Amino acid sequence: MRRRIVVTGVGCVTPIGNEVGTFSDNLLAGRSGIGHLTVFDASRFPVRIAAEVRDWHLQDVGEDPLRWRHCPRQTRFAVGAALQAAQQAEIRDARINPLRMGVYLGCGEPFEEFDAFTSSVCSSLGEAGYQEERFLSCALRLFDPETEREFEPDMPGIHLASILNAQGPNANCIAACASSTQAIGEAARIVRRGEADVMICGGAHSTIHPFGVTGFHRLAALSSNSDPATAARPFDIDRDGFVIGEGAAIFILEELEHARRRGAEILAEVSGYGSSQDAFRVTDVHPQGRGTVAAIERALADARLNPEDIDYINAHGTGTVLNDKVETLALKRVFGSHAYRVPVSSTKSMLGHATTACGAIELAVCLTALRRDAIPPTVNHEKPDPDCDLDYVPRYARELRCTHILSDNIGFGGQNAALVVSRFDEPSRSIAASKQAA
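Here's what I pulled together on the structure shown here. This structure is a prediction, so every number in the text was calculated from the model and none was measured. (Residues numbered from 1 in each chain as written. Predicted model: local features only at pLDDT ≥ 70, side-chain atom pairs only at ≥ 80, totals over all residues. Heavy atoms only, no water.)

Concerning the pattern of salt bridges
In step 1: For the coordinates displayed, the defined rule picks out 26 salt bridges.
In step 2: Between Asp197 and Arg100 there is a salt bridge, with its nearest N and O atoms 3.0 Å apart. Note that Asp197 is positioned in the loop between α7 (179-192) and β8 (198-206) and Arg100 in the loop between α2 (73-89) and β4 (101-107), a separation of 97 residues in sequence.
In step 3: Two residues, Arg398 and Asp391, come together in a salt bridge whose shortest N-O distance is 2.6 Å.
In step 4: Taking relative accessible area as the criterion, Asp391 reaches 23% and is therefore assigned partly exposed.
In step 5: One network of salt bridges, in which partners are shared, links Arg2, Arg192 and Asp302. (Salt bridge = Lys/Arg side-chain N within 4 Å of Asp/Glu carboxyl O. Helix = DSSP H or I, 4+ residues; strand = E, 2+ residues; numbered from the N terminus. Buried < 20%, exposed > 50% of the residue type's maximum accessible area, 1.4 Å probe, protein only.)

Next comes the structure, spelled out in structure tokens:
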């Protein structure tokens with residue numbers, strides 16, 4: 001029998017809650033975390049709304065903020081979420097072999113020193129055009145070497161390994177919006193292969209900075225709606241783009257028998273994972289959703305489940321016209337007639353799009369659904385789109401006891417990843433496996 005992978009800890013820092021209880025309450029209440037942008041002065045920007053993490057500090061998890069003063073927002077979010085997850089799983093108190101505990105995150109490129117960069121560029125421009133010496137001279141004065149070191153995307157994982165004494169495998173995945181989903185799936189595979197007993201995994205990111213906002217705006221990916229309450233409208237006919245979000249979610253994945261031996265509480269099981277590449281265009285999803293289809297089918301096969309075994313789908317659901325249409329088509333291709341019976345929702349309608357961290361945060365959504373027997377809504381879904389004709393759980397949460405949940409993510413550049421998370425229930429898993437074998 002293959003090694004089974006269970007979740008024994010979860011932590012989060014998000015726009016709708018900075019610990020799991022508040023996050024779950026607000027999620028099922030349909031409360032949006034989108035508001036006017038405050039991280040920087042956006043008064044002259046075309047987009048001035050975002051889903052920010054608010055009213056949270058590292059002191060909330062017992063950390064001295066001075067220790068992390070050189071770190072970008074995503075690192076601080078990752079540390080906060082990881083310490084919550086570690087506390088719930090009690091891995092600091094357990095006698096876990098540190099060489100058998102690793103870290104796998106999906107964190108992107110942070111860029112928060114916009115003023116220093118632009119000042120250096122401006123200082124380099126003279127009558128003779130760009131002068132590299134002037135740029136470097138100014139940059140050496142303005143940039144802090146310690147801060148620059150912390151802007152490497154692998155630094156959050158390095159810090160988590162240090163504070164939690166995880167001396168096993170350590171990696172960071174950058175696959176755009178599929179990053180943290182892929183990181184969690186690969187972490188599960190590491191445990192399944194027997195290379196580790198415990199993996200600390202998930203993702204963190206923030207692109208709420210001038211480069212992030214201007215870059216996505218120039219790609220025509222952001223909503224132009226200035227009303228925070230109604231801007232994020234996945235699958236709605238009036239959707240016009242996504243709202244930038246940020247945050248982190250971190251999980252403790254553990255081999256089942258290892259968790260049992262130390263008496264850990266088992267929250268859920270990561271039963272399936274699949275990934276794929278569109279191999280189409282960097283800037284467009286494949287029009288038939290072939291990469292999304294492949295990732296979902298592989299996740300179902302890995303979980304040894306049939307499509308009709310899935311009780312709820314947490315969709316990527318960005319709110320862009322093309323993504324929502326193609327994702328809906330992909331779900332129909334995989335699930336057939338069952339696509340019209342299984343509820344689907346996009347929690348980016350409340351959380352915004354946390355880019356590389358979105359999949360991890362959405363896995364925390366799935367755990368909420370499993371443990372609260374309720375599925376979250378797609379808020380602002382009011383006007384059906386003929387191309388998006390599934391059950392998107394509009395506006396309000398719905399009571400539903402789920403056994404198996406699918407979460408899928410579609411990354412810019414064509415990367416796709418999907419996870420199946422299941423209620424930890426021995427009889428249901430054995431029945432599902434028997435059905436698949438039959």
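Details of the side chain of Arg233
In step 1: Following the sequence through the fold, Arg233 ends up in the loop between α8 (210-218) and β9 (246-255).
In step 2: Within the local environment of Arg233, its side chain forms a polar contact with the side chain of Glu382, the two groups lying 3.3 Å apart.
In step 3: In this structure, Arg233 is in contact with Asp238, Arg239, Asn380 and Glu382, ignoring residues within four places of it in sequence. (Polar contact = N/O pair within 3.5 Å; in protein donor to acceptor, adjacent residues only side chain to side chain. Contact = heavy atoms within 4.5 Å.)

Overview of helix α11 (residues 321-335)
In step 1: Here α11 contains 15 residues, and its C-alpha end-to-end distance of 22 Å stays within 8% of the 21 Å for a straight helix at 1.5 Å per residue.
In step 2: Residues of α11 that are buried: Asn323, Asp324, Val326, Glu327, Thr328, Ala330, Leu331, Val334 and Phe335.
In step 3: Positioned one or two residues after α11, Gly336 has a phi angle of 60 degrees, which is positive. (Expected span 1.5 Å × (residues − 1).)

Regarding the side chain of Ser346
In step 1: Relative to the helices and strands, Ser346 is located in the loop between β12 (344-345) and α12 (348-351).
In step 2: Other than its neighbours up to four places away in sequence, Ser346 contacts Pro234, Phe235, Ala315, His316, Gly317, Pro377 and Thr378.

Some words on the layout of surface pockets
In step 1: Considered as a void within the structure, the largest pocket measures approximately 740 Å³ in volume.
In step 2: Cys177, Phe216, Ala221, Phe242 and Phe412 are the residues nearest the centre of the largest pocket, which is lined by 34 residues in total.
In step 3: Ranked by residues supplied to the lining of the largest pocket, first place goes to α11 with three residues.
In step 4: Considering only residue class, the lining of the largest pocket consists of 14 nonpolar, 15 polar and five charged. (1 Å grid on protein atoms, 1.4 Å probe; cavity = no way out; pocket = protein on both sides within 12 Å on 5 of 7 lines; lining within 4 Å. Points joined across faces, edges and corners; volume = space filled by probe spheres on them. Nonpolar A, V, L, I, M, F, W, Y, C, P; charged D, E, K, R; others polar.)

With respect to unusual backbone geometry
In step 1: Even without being a glycine, Ala176 presents a positive backbone phi close to 55 degrees.
In step 2: Its place among the elements puts Ala176 in the loop between β7 (170-172) and α7.
In step 3: Positioned with a positive phi, Asp373 is a non-glycine residue whose angle comes to about 55 degrees.
In step 4: Classification of Asp373 by relative accessible area gives partly exposed; the value is 30%.

Side note on the pairing of β8
In step 1: Across the nine residues that make up β8, a large majority, nine, are buried.
In step 2: Burial of β8 is two-sided: the residues Val198, Ile200, Gly202, Ala204 and Ser206 facing one way and the residues Met199, Cys201, Gly203 and His205 facing the other way are all buried.
In step 3: As paired strands, β4 and β8 are joined by seven bridges and run parallel to one another. Each bridged residue has a counterpart across the sheet, and for Tyr104 the counterpart in β8 is Cys201.
In step 4: In terms of strand pairing, β8 meets β9 through nine bridges, oriented antiparallel. By the bridge assignment for β9, Val198 is matched with Glu254. (Pairing = 2+ DSSP bridges.)

Side note on the nonpolar core
The nonpolar side chains of a soluble globular protein tend to be buried, and buried together.
In step 1: Grouped together as the largest cluster of nonpolar side chains are 51 residues, with contacts concentrated most on Phe23, Phe251 and Leu253.
In step 2: The greatest single-element share of this core, amounting to ten residues, is contributed by helix α13 (residues 358-372).
In step 3: If you look at the next biggest cluster of nonpolar residues, it comprises 32 residues, including Val13, Trp68, Val79 and Leu160. (Core = buried A, V, L, I, M, F, W, Y, C linked by side-chain atoms within 4.5 Å.)

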